[in-house]
Amino acid sequence: MAKDHGPQIKDDALYAALREQGASKEKAARIANAKAAGTLDRKGSALEDRTKDELLDEAKRIGIKGRSTMNKARLATAIRGHK
């Protein structure tokens, strides 16, 4: 059984697994709670299906440096690796 991370975490097992993979506390909590609520947007993981402009907007929103010189593949990799 997964450790109880408090009432704010709705899926303790998923939260713990995401933290072990290196996700921040905030990111792990958002994902675990969204999955528990059934609102996890699966389209968000298909970065290759987005346009370069959409990827640039996402990279800007999360603060990836050097994004203006990246091609689409590098943007997708950088967004995926962002923690």
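Provided above is the structure to which this section pertains.
For the structure given in this document, a descriptive report is provided here.

We now examine the pattern of salt bridges. In total, this model carries two salt bridges according to the counting rule given. One salt bridge in this structure joins arginine 80 and glutamate 48, with 2.9 Å as the shortest N-O distance. With arginine 80 in helix α4 (residues 72-81) and glutamate 48 in the loop between α2 (25-37) and α3 (52-62), this residue pair connects regions lying 32 residues apart in the sequence. Classification of glutamate 48 by relative accessible area gives partly exposed; the value is 49%. In this structure, glutamate 58 and arginine 61 form a salt bridge, with 2.8 Å as the shortest nitrogen-oxygen distance. Here glutamate 58 and its partner arginine 61 are both found in helix α3, three residues apart, which amounts to about one turn of the helix. The class of arginine 61 is exposed, set by a relative accessible area of 61%.

Quick look at the packing of helix α1 (residues 12-20) against α2 now. Running from N to C, α1 and α2 point in directions that differ by 145°, and their axes come no closer than 9 Å. The element α1 and its partner α2 pack so that their crossing is right-handed. For the pair α1 and α2, contact is made by Leu14, Tyr15, Leu18 and Arg19 and by Lys25, Ala28, Ala29, Ile31, Ala32 and Lys35, respectively. In terms of residue class, the contact of α1 with α2 is made up of seven nonpolar, no polar and three charged.

Rules and cut-offs
Within any chain, residue numbers begin from 1 and follow the written order of that chain's sequence. Under the rules for a predicted model, residues below a pLDDT of 70 receive no local features and side-chain atom pairs below 80 are neither given nor counted, while totals for whole chains, interfaces and linings still include all residues. Side-chain figures throughout are based on the complete set of non-hydrogen atoms in the structure, without hydrogens or water. Any Lys or Arg side-chain nitrogen located within 4 Å of an Asp or Glu carboxyl oxygen qualifies as a salt bridge. By the criteria applied, helices consist of DSSP H or I runs no shorter than four residues and strands consist of E runs no shorter than two, each listed in order from the N terminus. Think of it in three bands: with a 1.4 Å probe and only protein chains considered, a residue is buried below 20% of the maximum accessible area for its type, exposed above 50%, and partly exposed in between. Throughout, an axis means a line fitted to C-alpha atoms (over the contacting stretch in the case of helices), and angles, computed between N-to-C directions, take values from 0 to 180 degrees. Two helices cross in a left-handed way if the nearer one is turned anticlockwise from the farther one by less than a right angle. They cross in a right-handed way if the turn is clockwise. Should any heavy atoms of two residues lie within 4.5 Å, those residues are counted as being in contact. Polarity classes work like this: nonpolar for Ala, Val, Leu, Ile, Met, Phe, Trp, Tyr, Cys and Pro, charged for Asp, Glu, Lys and Arg, and polar for all others, with Gly in that last group.

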